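These are the residues of each chain, in order.
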Amino acid sequence: DGRTGTLLWVDILGHALWRWRPGEGEAEPLDVGEPAGFVALTSDPAIVILGLRSGLARLSLAGGRPEHLLR
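Anyway, here's the lowdown on the structure attached to this text. What you are looking at is a predicted structure, and each value in this text was computed from that prediction instead of being measured. (Residues numbered from 1 in each chain as written. Predicted model: local features only at pLDDT ≥ 70, side-chain atom pairs only at ≥ 80, totals over all residues. Heavy atoms only, no water.)

## A look at the sheet that holds strand 1 (residues 7-11)
A sheet is described by the order of its strands in space; here 3 strands give the open sequence 1-2-3, paired in antiparallel fashion. One side of each edge strand has no neighbouring strand; the edge strands of this open sheet are strand 1 and strand 3 (28-31). When strand polarity is set aside, the average angle formed by the axes of neighbouring strands in this sheet is 25°. Where strand 2 (residues 16-20) lies against strand 3, 4 bridges are found, and the strand directions are antiparallel. Counterpart to W18 in the pairing with strand 3 is P29. (Pairing = 2+ DSSP bridges. Helix = DSSP H or I, 4+ residues; strand = E, 2+ residues; numbered from the N terminus. Axes fitted to C-alpha atoms, helices over the stretch in contact; angles between N-to-C directions.)

Here it is, written out as structure tokens:
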């Protein structure tokens, strides 16, 4: 995400969304509870959309659980 200087990627088998800001330490995982196939940015840099096995979900990068939008 060029707005925040953050690299985001999914770990399908690890059920996680990873984020990393170069120069700010190690990457950190956010547990999403099930396999995730993709992450998409939204107009709000603090919110992403995840493609989960069970459907599309919104996730706050500040923490919390994915909120399903479509199953």
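## Quick word on the sheet that holds strand 5 (residues 47-52)
Here we have 4 strands laid out as an open sheet, ordered 4-5-6-7, and antiparallel in their pairing. Bordering the open sheet on either side are strand 4 (36-41) and strand 7 (67-70), each of which pairs with just one other strand. Strand after strand, the sheet turns through a mean of 30° between neighbouring axes, direction not considered. Of the pairings in the sheet, the one linking strand 6 (residues 55-60) to strand 7 comprises 3 bridges and is antiparallel in character. Looking at strand 7, one finds that A57 is bridged to H68.

Nothing here speaks to function; it is geometry throughout.
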